[in-house]
Every structure is written in structure tokens, then in C-alpha cells.
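# Examining the three-dimensional arrangement
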Amino acid sequence: MLIRKLFKFENAHIVRNCTSDRCKRSIHGHSYKVELLLKASKLDHGQMVYDFGLLKGVIKDFFDSFDHAICFWQHDDAAYIQACKTFSARWVSLPVSPSAEQFSRIFFYLAQQVLASTITQNGEGDVEVYSVIVHETDTGYAQSFIEDIENEQMGVLDLSQIEFSEQVQMEWTDPEMYTKLKNGVPFQNPSVDLQVKL
């Protein structure tokens, strides 16, 4: 079974090396919509794949990191990167270009890592990220699947290669959550008092 959770944010970027002249030479922004699709072959005690309320925690904080931020490819010109860091308190440095395609891979990867590091407590089954769809505009989106995350031709994704600005980190519910994720410290979902026992 699949469930879908929609996230929204505003973000600015330059997509270097692309064909469109405007996109590769000028900072511009989009109103992004991110669809996170989770799958499982078993339902939890609440008869859900995964409680939507749980997606308002660590995963939402990570996705919200991109809101009102500028994203850049860490291989871009050093002067440009420094300008982004100097004139924007909210920025995210990525090991890949901040295209819609790569955003879909980044969000898939982050959600995947969080789920793998989460101790569930309500009988959840084999909950996994099925797909992520990133709508860059009303007419265009990119969609990634697990094979895209594992495809090194599309760029290697590693937690150590994604950097969030200090301001972004300070606005998280837990400013240490990314350090914890990188160090393998598990997240723990709340315990559940079952009203109906089968």
C-alpha cells in the first residue's frame, strides 16, 4: 500500500550546465511541491502504513530546511558559493546540482535515511520510501525511485556531502538532528497506548 504526504517550500538556485540560458546564468526561484510516497506491506496498530503525524517531525524539519533558502552545487565557482553564504543566512550545499531531478533524489535519500534510523513503536511494518516527486512548476516535475538513488551515474549521495547553514540548523526542533543522523544515533517515535487490542 502507498501513502502520500505533500510538502511545500520556496527556494532559489542556479542550475549550472543546463541548456536554458536563463536557468544556468541567473539566480531564480520556484514554489516547490514535494510528494513523499511511502509503501508498506503491513499496517500498524492504527491500521496505517505510517501515521501522517510522524512525518511532521524530523522529515518535515529536513524538507523545511530548503524553504526560503538558496541551494548550490558544491562544485560551483568559489566566489559564487561565498556570495550565497555571505548574503543568505539560509543555504544548503549539495554534492549534486540543485535541479528538480536531483532535489527528488536528495529528498528521497534524506527521508530514506531518517526512516532507516527510526525506532518505531506502533507495530509498523516494512515502511520504505517508494518514490519522491518534486514539482518545480505547475507544468513540470521530476520523480525518483530507489534505483535512481543507487545510480552513481546520477551522482553519489552521502550525508557527509550535504551541508546546512547554521541558521537552518538553529531553526530545527533539534539543532543536533543532522549530526545524530550522520553518527547513527537513532530517532525514536513516541510510545503508543492502544485503546483497542486485538
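Residues numbered from 1 in each chain as written. Predicted model: local features only at pLDDT ≥ 70, side-chain atom pairs only at ≥ 80, totals over all residues. Heavy atoms only, no water.

Per an unreviewed UniProt entry, the protein is named 6-carboxy-5,6,7,8-tetrahydropterin synthase, and its organism is Acinetobacter wanghuae. The annotation that UniProt attaches to the protein under Sequence similarities (unreviewed entry) is "Belongs to the PTPS family. QueD subfamily." The heading Catalytic activity (unreviewed entry) in the UniProt record of the protein holds the text "7,8-dihydroneopterin 3'-triphosphate + H2O = 6-carboxy-5,6,7,8-tetrahydropterin + triphosphate + acetaldehyde + 2 H(+)". (UniProt positions renumbered as here; feature names shortened; annotations may be inferred.)

A few words now on the overall build of the protein. Counting secondary structure elements, the protein contains 7 helices and 9 strands. Relative to a compact globule of 198 residues, whose C-alpha radius of gyration would be 16 Å, the protein shows 18 Å and is just as compact. Projected onto the principal axes, the alpha-carbon positions of the protein cover approximately 60 × 35 × 30 Å. When burial is assessed residue by residue, the protein has 45% of its 198 residues classed as buried. Counting only contacts in the protein whose residues sit at least 6 apart along the sequence, the fraction spanning at least 24 positions is 70%. (Helix = DSSP H or I, 4+ residues; strand = E, 2+ residues; numbered from the N terminus. Rg over C-alpha atoms; globule rule 2.2 N^0.38 Å. Buried < 20%, exposed > 50% of the residue type's maximum accessible area, 1.4 Å probe, protein only. Contact = heavy atoms within 4.5 Å.)

The next subject is helix H4 (residues 100-116). Here H4 spans 24 Å end to end across 17 residues, near enough to the 24 Å set by a 1.5 Å rise per residue. For H4, a buried count of 13 out of 17 residues is recorded, marking the element as mostly surrounded by other parts of the structure. (Expected span 1.5 Å × (residues − 1).)

In this structure, Leu 36, Phe 62, Phe 66 and Phe 164 are the most contacted members of the largest nonpolar core, which totals 45 residues. Secondary-structure elements contributing two or more residues to this core are strand E1 (2-13), strand E2 (28-39), helix H2 (58-64), strand E4 (91-94), H4, strand E6 (128-135) and helix H7 (177-182). In terms of residue count, H4 provides more of this core than any other element does, 10 residues in total. With residues up to four places along the chain from it excluded, the contact list for Phe 164 reads Phe 62, Ser 65, Phe 66, Trp 91, Val 92, Leu 110, Gln 169, Trp 172 and Tyr 178. The next biggest cluster of nonpolar side chains, apart from the first, holds 7 residues, and it includes Ile 14, Ile 70, Tyr 80 and Ile 81. (Core = buried A, V, L, I, M, F, W, Y, C linked by side-chain atoms within 4.5 Å.)

The subject of this paragraph is the pattern of salt bridges. Per the counting criterion, the structure on display carries 6 salt bridges. Among the ionic pairs, Glu 128 bridges to Lys 39, the shortest N-O distance being 3.9 Å. Linking Glu 128 in strand E6 with Lys 39 in strand E2, this pair joins segments that are 89 residues apart in sequence. The class of Glu 128 is partly exposed, set by a relative accessible area of 41%. Its relative accessible area of 34% is what places Lys 39 among the partly exposed residues. Here Glu 171 ties to Arg 90 by a salt bridge, and the two come within 2.7 Å at their closest N and O atoms. Residue Glu 171 is found in the loop between helix H6 (166-170) and H7, and its partner Arg 90 is found in the loop between helix H3 (78-87) and E4; the two are separated by 81 residues along the sequence. Glu 171 gets classed as partly exposed once you look at its relative accessible area, which sits at 44%. According to the relative accessible area criterion, Arg 90 is buried, its value standing at 11%. (Salt bridge = Lys/Arg side-chain N within 4 Å of Asp/Glu carboxyl O.)

What follows concerns the environment of Lys 39. Separated by 86 residues in the primary sequence, Lys 39 and Gly 125 have C-alpha atoms spaced 9.6 Å apart. Apart from the residues lying within four places of it in its own chain, the contact partners of Lys 39 are Met 1, Leu 2, Val 49, Asp 126, Val 127, Glu 128 and Tyr 130.

Next up on the list: the sheet that holds E1. With mixed pairing, the 7 strands of this open sheet are ordered in space as E7-E6-E2-E1-E3-E4-E8. The open sheet has two edge strands with one neighbour each: strand E7 (141-144) and strand E8 (163-164). Note that E1 and strand E3 (residues 69-73) share 2 bridges and pair parallel. Residue pairing in the sheet places Ala 12 in a bridge with Ile 70 of E3. Relative to E3, H3 is tilted by about 160°, and along the sheet it contacts E3, E4 and E8. (Pairing = 2+ DSSP bridges. Axes fitted to C-alpha atoms, helices over the stretch in contact; angles between N-to-C directions.)

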